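Coordinate analysis (summary)
As a plain string of letters, each chain reads:
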Amino acid sequence: MIHDTQYIIEVENLVKKFGSFVANDNLTFSVKKGEIFGFLGANGAGKTTAMKILCGLSHPTSGKVKVAGYDIYTQKEKIKQSIGYMSQKFSLYEELTVYENFRFYGGIYGMTRLDIQEQTTQLLSRLGLSQYRNRIINTLPLGWKQKLAFSVAVIHRPAIVFLDEPTGGVDPITRRQFWDLIYDNASRGLTVFVTTHYMDEAEYCNRLSIMVDGKIKALDTPQGMKSGMGCATMQDVFVALARN
Amino acid sequence: MIEVRNLVKRFAEVTALNNVSLQVDDGELFGLIGPDGAGKTTLFRVISSLLLFDEGHVEVAGKNPVSDYAAIRQMIGYMPGKFSLYQDLSILENLRFFTAIFKTTLEENYDLIKDIYVQIEPFKHRPAGKLSGGMKQKLALCCALVHKPRLLLLDEPTTGVDAVSRIEFWEILKRLKQQGITIMVSTPYMDEASLCERIALIQQGQIMGVDSPEGIIKTFSKPLFAVKADDFYSLITDLRDWNEALSAFSFGEYVHLTMRSESSTAMQVESYLFSRNHSSVSVKAISANVEDSFMYLMLKKEESQ
């Protein structure tokens, strides 16, 4: 499995310890290219710890991890070049314009000015926001900011984008529009790795894993998980797993 | 307990609260439902006497939050959306701090917090900054309760909290209500609305409706169907292309389809989807939930603007 090129994230027996505390207890999973993969779990289950490792920001205690074909122990910088990251908490510079944000992040990733301009034009036209290129971010509605934050996270054409609770606190219509954007990008071949506390959003993932106390307790399609556990909704699946 | 009439609060050119009116009865569990930026926190800060307002009338237990702020602060417990306890003090030290401020003791009102406190007691010497999200939330609730407030104001206590902890938190709220405490709680999670006795839906500083969850749902007057087919993404785009459809929103594995015409039938939806070559089509007439109603009201508001 681990050498199959259809997988873009490959994790085998990943362990991360902080002192005697085991935050990630022998995780094994893989994510396919172009897949929308939901990474769910209770608070404190170890999701953030695992995400940090996958993004090349933290070192595992043991185990094999490959992201976008690169090894987590020796090729962290290559991994960082190949991924995009967006969280609900921090994404755009509020005092900069839309274009300045694109230019800043593009610059960080070492893109040329011409390439940044081309990518910005294309990404903005896809969102239908081309005419707002020179607007200051803090004058825009929250829903637009979310979509712009996503586009900024993929300006350098990463193979994978990590979305950490991208829809937390967003109104119900904007939340759904954001998922349209996720689908659209996944259909263009982008792999999406997403966390959420909204259980209806879990249903939108191609496959998902549910972590409890540092372990992956379930890994399947939403349909497979529900029928396997005899539950009507993902909410029921989650509650059944997390309460045990 | 809370009376708000025609409240207006502006920050420079932004109108954060635009003519807000609502009433919270004694002993009620009242929900303020709306997304980020709707004005929920501003309303809490006005009610808790922490923020002056521009226009309107506000009363909390018969007191004015501007002139009688001291009396109001004595009888409310306020849990802000952002964790605001002392990170470098332990659980126990934070609790002792709050009891000292309110000139009471932990022992005096221990009954009120016991159920919650026992869950974090094993970590009572750990600094608050080193607690997990769920534990921080429980500690903050204890600190808001130690002086036995008559009114509990909870600003997004369940944001970023997992599905199981959210269920447990609402069970705690129900028990507190049974002890006679009035609770006003805000949340961006629409499914939590049904756990309140009455709710206010708030969006862009305006109240879209105040009623019981059942009453809010009754404002949804159009036929609603839960639709499923093999190719989910093209299902939703095809439904949005359809003139007969007012809106099509994803809801887990279903699309919730709202029809324009009162007389629309499931058969009509099915035949449209067959004409678009969908397979494994299932169409069920359903009644709306609070989230359907919220989106319906948002669309109605946009149309009227």
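If you're wondering where the values come from, they're calculated on a predicted model, not measured in any experiment.

1. Topic: the pattern of salt bridges
Residue and element names in this part refer to chain B. Throughout the structure, instances matching the rule amount to 27 salt bridges over all chains. Here R10 ties to E55 by a salt bridge, and the two come within 2.9 Å at their closest N and O atoms. In this pair, R10 sits in strand β1 (residues 2-11) while E55 sits in strand β4 (residues 55-60), placing the two residues 45 residues apart along the sequence. The exposure class of R10 is partly exposed, given its relative accessible area of 37%.

2. Things to note about helix α8 (residues 232-241) of chain B
Residues of α8 of chain B that are buried: F232, L235, I236, D238 and L239 of chain B. Within α8 of chain B, the buried residues cover an arc of 165 degrees as seen down the axis, which keeps them to one side. Tucked inside the fold, the buried residues of α8 of chain B contact α6 (172-187) of chain A together with β10 (224-228), β11 (245-251), β12 (254-259) and α9 (266-275) of chain B. Of the residues flanking the start of α8 of chain B, the one acting as N-cap is D231 of chain B, its side-chain oxygen 3.4 Å from the backbone nitrogen of Y233 of chain B.

3. Concerning the interface of chain A and chain B
Each partner contributes residues to the interface: chain A has 31 residues there, and chain B has 29 residues. When the buried surface of chain A facing chain B is broken down by residue, N43, I173 and R176 of chain A rank first, second and third, together holding 23% of it. At the junction of chain A and chain B, the tally comes to four salt bridges. Its salt-bridge partner being R175 of chain A, residue E291 of chain B comes within 2.7 Å of it at the nearest N-O pair. The interface formed by chain A and chain B contains nine residue pairs in polar contact (both at pLDDT 80 or more). Residue assignment for the side of chain A that touches chain B shows that the elements contributing at least two residues are α6, α7 (199-202), α8 (222-229) and α9 (234-243) of chain A. At seven residues, the largest contribution of residues to the side of chain A that touches chain B is made by α6 of chain A. Among the residues making up the side of chain A that touches chain B, the classes are represented as 13 nonpolar, eight polar and ten charged.

The rules behind each value
Residues numbered from 1 in each chain as written. Chains lettered and ligands numbered in written order. Predicted model: local features only at pLDDT ≥ 70, side-chain atom pairs only at ≥ 80, totals over all residues. Heavy atoms only, no water. Salt bridge = Lys/Arg side-chain N within 4 Å of Asp/Glu carboxyl O. Helix = DSSP H or I, 4+ residues; strand = E, 2+ residues; numbered from the N terminus. Buried < 20%, exposed > 50% of the residue type's maximum accessible area, 1.4 Å probe, protein only. Arc of directions from axis to C-beta. Contact = heavy atoms within 4.5 Å. Polar contact = N/O pair within 3.5 Å; in protein donor to acceptor, adjacent residues only side chain to side chain. Buried area = accessible area lost by both parts, 1.4 Å probe. Nonpolar A, V, L, I, M, F, W, Y, C, P; charged D, E, K, R; others polar.

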